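Residues per chain, in single letters:
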Amino acid sequence: MVRLEALPGREDDVRGFLNQGLSIVEGEPKTVRWFGIQFGPSSFGIFDAFPDEDGRQAHLSGEVAKALGENTGVLFEKPTIEQLDVVAEKQPA
């Protein structure tokens, strides 16, 4: 999970960044779930899921990670990245 705090006045740009991120991860077969989320007026995030550690590492070294680095200080403050393990889930129908 990644937490993003938009810089003042850049909230719409962060929403656009998340929409562009979706198009990137659509080409990552091992990113099985990906969500661009908003916690509050200027707080955003990404939640994604992978079938295995190889999929997670491929994603973390891929284009979205590169885009996060390129936009830090431009659209948002330094992202907070937390590696989580899902312990229970309801599968999509």
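Conventions we followed
- Residues numbered from 1 in each chain as written.
- Predicted model: local features only at pLDDT ≥ 70, side-chain atom pairs only at ≥ 80, totals over all residues.
- Heavy atoms only, no water.
- Pairing = 2+ DSSP bridges.
- Helix = DSSP H or I, 4+ residues; strand = E, 2+ residues; numbered from the N terminus.
- Buried < 20%, exposed > 50% of the residue type's maximum accessible area, 1.4 Å probe, protein only.

Draft legend 1. Expanded view of the sheet that holds strand β2 (residues 33–38). Spatially, four strands are ordered β2-β3-β1-β4 in an open sheet, and the strand pairing comes out antiparallel. Of all strands in the sheet, those bounded by a partner on one side alone are β2 and β4 (80–81).

Draft legend 2. View of the pairing of strand β1 (residues 2–5). Because side chains alternate across β1, one face comprises the buried residues V2 and L4, and the other comprises R3 and E5, none of which is buried. For β1 and strand β3 (residues 43–49), the ladder comprises four bridges, and the chain directions are antiparallel. Counterpart to V2 in the pairing with β3 is I46. As paired strands, β1 and β4 are joined by two bridges and run antiparallel to one another. Looking at β4, one finds that V2 is bridged to I81.

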